[in-house]
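Residue-level structural notes
Take a look at the letters that make up each chain.
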Amino acid sequence: YPSRQLISGLIGVGMLSAEGQVHKRQRRIATPAFSIQAMRALVPLVFSKGTELKEKWMSMIKEAGVKPGEGYLINVCSWASRATFDVMGTTGMHRGLPFEI
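Quantities reported herein were computed from a predicted structural model and do not represent experimental measurements.

Some words on the confidence of the model for the protein
- This prediction gives the protein a mean pLDDT of 83; 90% of its residues lie at or above 70.
- For the protein, the element scoring lowest by mean pLDDT is helix H1 (residues 2-11), at 75; helix H3 (residues 36-63) scores highest, at 92.
- Contacts of residues 96-101 to residues separated by more than four positions or lying in other chains number eight contacts, the stretch itself having pLDDT below 50.

Some details on the side chain of Gln26
- One can find Gln26 in helix H2 (residues 20-30).
- By relative accessible area, Gln26 is classed as buried at 18%.
- Excluding anything up to four places from it in sequence, Gln26 contacts Val13, Gly14, Met15 and Ala18.

Topic: the nonpolar core
- Membership of the largest hydrophobic core is limited to five residues, which are Leu53, Met60, Ile74, Trp79 and Ala83.
- Counting residues per element, the ones that place at least two in this core are H3 and helix H4 (76-94).
- When neighbours within four sequence positions are excluded, Ile74 is seen to be in contact with Trp57, Ile61 and Trp79.

Regarding the pattern of salt bridges
- If you walk through the whole model with that rule in mind, you get two salt bridges.
- With its nearest N and O atoms 3.5 Å apart, the salt bridge here joins Lys49 to Glu52. Of this pair, Lys49 and Glu52 both sit in helix H3, three residues apart, which is roughly one turn of that helix.
- Overall, the relative accessible area of 13% leaves Lys49 in the buried class.
- Residue classification places Glu52 among the partly exposed residues on the basis of a relative accessible area of 42%.
- For Lys49, the salt bridge is made with Asp86, and the minimal N-O distance between the two is 3.0 Å. Residue Lys49 is located in helix H3, and its partner Asp86 is located in helix H4; the two are separated by 37 residues in the primary sequence.
- Residue classification places Asp86 among the partly exposed residues on the basis of a relative accessible area of 32%.

Procedures and definitions
Residues numbered from 1 in each chain as written. Predicted model: local features only at pLDDT ≥ 70, side-chain atom pairs only at ≥ 80, totals over all residues. Heavy atoms only, no water. pLDDT = per-residue confidence, 0-100. Helix = DSSP H or I, 4+ residues; strand = E, 2+ residues; numbered from the N terminus. Contact = heavy atoms within 4.5 Å. Buried < 20%, exposed > 50% of the residue type's maximum accessible area, 1.4 Å probe, protein only. Core = buried A, V, L, I, M, F, W, Y, C linked by side-chain atoms within 4.5 Å. Salt bridge = Lys/Arg side-chain N within 4 Å of Asp/Glu carboxyl O.

And the structure:
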């Protein structure tokens, strides 16, 4: 499959491109990190990052001197991606997931 070869060439053989026994092993190792209990434990972190994001946006609006009723453009997709990666990095580095480096 060309797409799998492209992904493997860019990021190596991992969860997105592994097949057969390699994929089975990776899935078995990763499964505990995605259990209901593990996901529930992340709720406070996700909410705190959401609050941080809201505060950042409010700060940006205030610094821009936007008055009530005026518009202000925020690239929500970009900021949501940043928050998502922040959550992923925090959980991966501090939660003792099976992906230790």
